[in-house]
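What follows is each chain in one-letter form.
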Amino acid sequence: QVQLVESGGGLVQAGGSLRLSCAASGRTFSSYNMGWFRQAPGKEREFVAAISWSGRTTNYADSVKGRFTISRDNAKNTVYLQMNSLEPEDTAVYYCARDRGPKDILHSGYASYDYWGQGTQVTVSS
């Protein structure tokens, strides 16, 4: 089984920054594309960003493009989400997830991901 554990969430003022981390178990982390999703109160889970197994290719939701950066360190089995210029609309529980494949495609739909972390709360005050 694969276990994903997110960390780094918290309360931040609008315009501030947070860096989320997702630590993965196992030795095959580098073989999978990874993604970040978020779910705000009263809303459905939405795609935030994805990164290829090698880290060479990324994809972002339009709402976060230019503000968020996804990256990974395969030697540490960790994927990151650097969030800058945060807005109250970014308030949500953020989840990392493993893409079930194929790995030559970066998926934005949550149905393409087979393992999920428990989530970390990000709250951005006005």
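Here goes a summary of the coordinates provided. As the structure is a prediction and not an experimental result, all values here were calculated from the model.

Rules and cut-offs
- Residues numbered from 1 in each chain as written.
- Predicted model: local features only at pLDDT ≥ 70, side-chain atom pairs only at ≥ 80, totals over all residues.
- Heavy atoms only, no water.
- Salt bridge = Lys/Arg side-chain N within 4 Å of Asp/Glu carboxyl O.
- Helix = DSSP H or I, 4+ residues; strand = E, 2+ residues; numbered from the N terminus.
- Buried < 20%, exposed > 50% of the residue type's maximum accessible area, 1.4 Å probe, protein only.
- Pairing = 2+ DSSP bridges.

1. Observations concerning the pattern of salt bridges
Now for step 1: Applying the stated criterion to the full structure yields five salt bridges.
Now for step 2: As a salt-bridge pair, D114 and R98 come within 2.9 Å of each other at their nearest N and O atoms. Placement of the pair is D114 in strand β10 (residues 113-116) and R98 in strand β9 (residues 92-99), with a sequence separation of 16 residues.
Now for step 3: The partly exposed category is assigned to D114, whose relative accessible area is 27%.
Now for step 4: Salt bridges sharing common partners tie together R38, E46, R67 and D90.

2. So, the pairing of strand β1 (residues 4-7)
Within a regular beta strand, the side chains point alternately toward one face of the sheet and then the other, so they alternate between its two faces.
Now for step 1: Side chains L4 and E6 project from β1 onto a buried face, and the interleaved V5 and S7 project onto a face without burial.
Now for step 2: One ladder, built from four bridges, connects β1 with strand β3 (residues 18-24); its direction is antiparallel. Bridging from a neighbouring strand, L4 pairs with A24 of β3.

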